[in-house]
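Each chain is listed here by its residues.
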Amino acid sequence: MSYSYTVWLVKMSEGVKIHPTAEVSERAAIGKGTKIWHHVHIMAGAEIGEECILGKNVYIGPKVKIGNKVKIQNNVSVYQGSEISDGVFIGPHVILTNDRNPRAVTNAGALKKEQDWNVGKILIKYGASVGAGSIILPDVTIGKFAMVGAGSVVTKNVPDYGLVFGNPAKLHGYVCICGKRIHQINKGIYECSQCKEKIRI
């Protein structure tokens, strides 16, 4: 199904396109050429780079930082404490969390406030991909060009070019910049059978 650009609210000076149903805080920063689709919610203090695409029902929490040319698919939740570098792909229904020990109330039974917990951090580095339905726990770094398989629960750091999947996600090899598996041809040197790229791990 295609949509005419007449459905967009367009900030002509920046080339930013925001669907009329989206809620974008006036205190969020949106880079040039970024497209924000239906029912997206972007909170105050969020920073989104240039030429990004945010699909339907995406939630971007306060102070989240997103680089340039990032693709975030439908129904993704990115909570405060997350930083997404340039060129990252986030598949549909992914959740980036920020609390390993969540509670609604304190020990005394009072509703928790912002000062009652510490925000966990997530960093996703350049060119990485996170597969559909995955959950990333806080205090985790996903390396550059790493790939997280669909439906994974990531509890530990993922190395550059690492291929992880499962619950909990475990390392099952390495992938090329093009996304295909790579194989070791020498000590520390891997090669892609698809594009012949050589990568040092």
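What counts and what doesn't
- Residues numbered from 1 in each chain as written.
- Predicted model: local features only at pLDDT ≥ 70, side-chain atom pairs only at ≥ 80, totals over all residues.
- Heavy atoms only, no water.
- Helix = DSSP H or I, 4+ residues; strand = E, 2+ residues; numbered from the N terminus.
- Rg over C-alpha atoms; globule rule 2.2 N^0.38 Å.
- Buried < 20%, exposed > 50% of the residue type's maximum accessible area, 1.4 Å probe, protein only.
- Areas by Shrake-Rupley, 256 points an atom, 1.4 Å probe, with all protein chains shown as cover.
- Lys, Arg positive; Asp, Glu negative; His and termini not counted.
- Charge placed at Lys NZ, Arg CZ, Asp CG, Glu CD.
- Polar contact = N/O pair within 3.5 Å; in protein donor to acceptor, adjacent residues only side chain to side chain.
- Contact = heavy atoms within 4.5 Å.

A. Layout of the overall build of the protein chain. The helix and strand inventory of the protein chain stands at zero helices and 26 strands. A compact globule built from 201 residues should have a C-alpha radius of gyration of about 17 Å, and the protein chain, at 18 Å, falls within 12% of that. Dimensions along the principal axes, computed over C-alpha positions, put the protein chain at roughly 55 × 55 × 25 Å. Looking at the protein chain residue by residue over its 201 residues, the buried ones come to 38%. In the form shown here, the protein chain has an accessible surface area of approximately 11200 Å², with 50% of it arising from carbon and sulfur atoms. Taken together, the 25 basic and 15 acidic charged side chains of the protein chain have centroids lying 7 Å from each other.

B. Quick peek at the side chain of S152. Topologically, S152 is positioned in the loop between β20 (147–148) and β21 (153–154). Within the structure, S152 has its side chain in polar contact with the backbone nitrogen of G166 (distance 3.2 Å). Apart from the residues lying within four places of it in its own chain, the contact partners of S152 are G133, S134, I135, V164, F165, G166 and A169.

C. Structural view of the environment of Q194. For Q194, the position within the fold is in the loop between β25 (189–192) and β26 (198–200). Using a relative accessible area of 56% as the deciding quantity, one classes Q194 as exposed. Considering only alpha carbons, one finds Q194 and C176, 18 residues apart in sequence, at a separation of 9.0 Å. In this structure, Q194 is in contact with C178 and K180, ignoring residues within four places of it in sequence.

The analysis is restricted to geometry; functional conclusions fall outside its scope.
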